[in-house]
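Working through the structure, step by step
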Amino acid sequence: MADISKEQLAELQKLLEELEQQKKPFEEMWKDIVAYMGLAYGDFCNPNQGKVPAYRLYDTTARDASETLADGVEGYAFNRSTKWFGYKLMSVKEGADPKLAKSLIEKVQRVAYKWLDSSNFYDEATAFIRNGADLATSCMLFTFDMERSAPRFSVVHLKDVFFMPASDGELRTMFRYVWLTKKEAEKFFGEEKLSDDIRECKEPLKRFRFVQMEAPVVDWEDIDIPGTGDYFSIYWSSDEPDKLLKSERLLERDMCVWRWKRQIYGGTWGVDSPGMSSLPMIRFVNTLQEDILTASEIAGKGLWKKTKGLKINFRAGGVTELESGQDFAAVSRNNDLSWLQSHVEYYRKAINTAYKTDLFLILSQNIEQTKTATEVAGIETEKNNLMSAFFSRLGKEFLDPVLSWLFRQVLLYAGHNDALDVTEEEIEQIEDMELSVEFASPYFSSQEKNFELRPSVTWMNNVISLAQINPEVLDRIDWDAYVELDHDLEKASEKLLVDINTAKEIRQRRAEAQLAALRNQQEQEQAANDRADYETYSKAPEQGSAYGG
């Protein structure tokens, strides 16, 4: 157990309470947004309350737009059915075999794909994107399930998570509420560490609130947790904030936070998401739809006035008997709702614009007008340029942390289920090397080729055109460099690319073989010429010739 004093825990608890107060204004706005989004987010109450959220969902435009954006992002950036990422060594440590290291990276990559496919990543990723699009902030946790030999991912409800920004604005320190039943708490912490209230609880489904803090070691030098690793994690109970329940060092960060946009003046929570920016329109369109439903019901059933106490039979063919002085009659009403509907369409369009729905559907909406591959490519390029900043943030704050963590888990746990057929010596070839994540989805591939390969291709075409005038300019093209660049951008298998030294040896042998063949041909031609000369000069002079007299 780490030596963390009660005073330190008290300070951390006080810090958590301050973070709670800072989050309250955002939480009120989140609740308002969620009220119009349906059941995807659940509620913001204590899980023991069993309270059914009060939704005001009369129009599904915002919810549908949110789902379209999430599905579009996932399909375009990290589709389950495509090879959408790759690992690349930035440098090879001294003494390592570069070819072997790259081959091992490919093995790790295959296991990573297999684990993602067997995990819940893609389902949680959709929820993660929606959370960021609707509420501007999203948080995901990563764990490795030893029993199932697979990674597990979970999106954290924003009501249970708190962050403290570092001086550079990054969110590296996290506090979160963890809700556990008595049985779960006993398994995780040990029965002897729990309070009397928890140990004596007779309700198996009741959940108790605990607090976890996770942060980089370098940011909290006064908290000394034994072990190795760049991060630490500690737990305490909300009921006993001065009692440490668990502490450990982590080899790496097992969570990520994505914000739609950061606050210009600094702050924790994301801003300017489609859900936030279009909240007034979402509120108005739902109010108008509620009015339309009410007006439609009135138009169908009508408004009536009647004598007090009179019971009217509204059934077809029904008869209502009236006493003297009693009466009932329909109240006339203008049922023209076209002005309401025009307002609804205006707000729906504004919501779809905020969620970039038209952008994700641009190709399908223009398919009838699109006639050529060039036009399709133009539309896709336009989409890529418009979404460039968005995908850059998503890659840096979400996909990159997930895949970097996954790489280390493959090296750490692959032997657990024989998923990675390599030796410990081979793993040592790559485990300490500098690694980068490269994305190969339709979007990232298109962007990468746009900015890296296309200028090179354009330049080479220009040089080739000049070669028609002066062939010597072709000597300025490094064809090997182009082949390697194209191989990297296409994320092709390392097995397909012949090492440059091997290629040079092949070329040298080919040149030597060609030279030998040329010499052999020359020798054969010389021998043929010699034989012809011999035959010519070895014959007896013919009668009548200059030599024959």
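Residues numbered from 1 in each chain as written. Predicted model: local features only at pLDDT ≥ 70, side-chain atom pairs only at ≥ 80, totals over all residues. Heavy atoms only, no water.

On to the nonpolar core. In this structure, Phe78, Trp84, Phe121 and Phe398 are the most contacted members of the largest nonpolar core, which totals 80 residues. When near neighbours in sequence (up to four residues on either side) are disregarded, Phe398 contacts Phe78, Phe121, Ala125, Phe128, Met140, Cys256 and Arg393. Core analysis: the next-biggest nonpolar cluster, separate from the first, contains 20 residues, Leu9, Phe175, Met213 and Trp236 among them. (Core = buried A, V, L, I, M, F, W, Y, C linked by side-chain atoms within 4.5 Å. Buried < 20%, exposed > 50% of the residue type's maximum accessible area, 1.4 Å probe, protein only. Contact = heavy atoms within 4.5 Å.)

Attention shifts here to the sheet that holds strand S7 (residues 231-237). Within the open sheet, the five strands sit side by side as S4-S5-S6-S7-S8. Their pairing is antiparallel. Each edge of the open sheet carries a strand with a single partner, namely strand S4 (161-165) and strand S8 (244-250). When the angles between neighbouring strand axes are averaged without regard to direction, this sheet yields 20°. The pairing of strand S5 (residues 171-181) with strand S6 (residues 207-216) spans eight bridges and is antiparallel. Paired with Val178 across the strands is Phe210, a residue of S6. Lying on the sheet, helix H1 (residues 6-34) is in contact with S4, S5, S6, S7 and S8; it crosses S4 at an angle near 100°. (Pairing = 2+ DSSP bridges. Helix = DSSP H or I, 4+ residues; strand = E, 2+ residues; numbered from the N terminus. Axes fitted to C-alpha atoms, helices over the stretch in contact; angles between N-to-C directions.)

Within the secondary structure, Glu397 sits in helix H13 (residues 388-413). Polar contacts involving the side chain of Glu397 include one to the main-chain amide nitrogen of Arg259, which spans 3.1 Å. (Polar contact = N/O pair within 3.5 Å; in protein donor to acceptor, adjacent residues only side chain to side chain.)

Turning next to the pattern of salt bridges. Oppositely charged side chains can pair when the atoms bearing their charge come close. Throughout the structure, instances matching the rule amount to 16 salt bridges. Between Lys23 and Glu27 there is a salt bridge; the shortest N-O distance is 3.8 Å. Here Glu27 and Lys23 lie together in helix H1, a separation of four residues that amounts to about one turn. Glu27 shares its class with Lys23; the two are buried. Note that Arg283 is salt-bridged to Asp32, the shortest N-O span being 2.5 Å. Placement of Arg283 in helix H8 (residues 279-301) and of Asp32 in helix H1 is noted, with a sequence separation of 251 residues between them. (Salt bridge = Lys/Arg side-chain N within 4 Å of Asp/Glu carboxyl O.)

A few words now on empty space enclosed by the protein. Within the structure shown, the criterion is met by one cavity of 30 Å³ or more. Approximately 30 Å³ is the volume found for the largest cavity. Looking at the lining of the largest cavity, the elements that each hand over two or more residues are H1 and S4. Of the residues forming the lining of the largest cavity, the biggest block, three residues, is contributed by H1. Of the residues in the lining of the largest cavity, the class split is four nonpolar, two polar and one charged. (1 Å grid on protein atoms, 1.4 Å probe; cavity = no way out; pocket = protein on both sides within 12 Å on 5 of 7 lines; lining within 4 Å. Points joined across faces, edges and corners; volume = space filled by probe spheres on them. Nonpolar A, V, L, I, M, F, W, Y, C, P; charged D, E, K, R; others polar.)

What follows covers the packing of aromatic side chains. Applying the stated criterion across every chain, the model contains 33 aromatic pairs. Ring geometry for Trp84 against Phe85: centres 4.8 Å apart, planes inclined by 65°, an arrangement best described as edge-to-face. Take Trp84 and Phe85: they sit in the same class, and that class is buried. Note that Lys23 overlies the ring of Phe162, its terminal NZ or CZ placed 3.9 Å from the centroid. Lying across the ring of Tyr177, Arg209 places its NZ or CZ 3.9 Å from the centre. (Phe/Tyr/Trp six-rings, centres within 6.5 Å; stacked < 30°, edge-to-face > 60°. Lys NZ or Arg CZ within 6 Å of the ring centre and 35° of its normal.)

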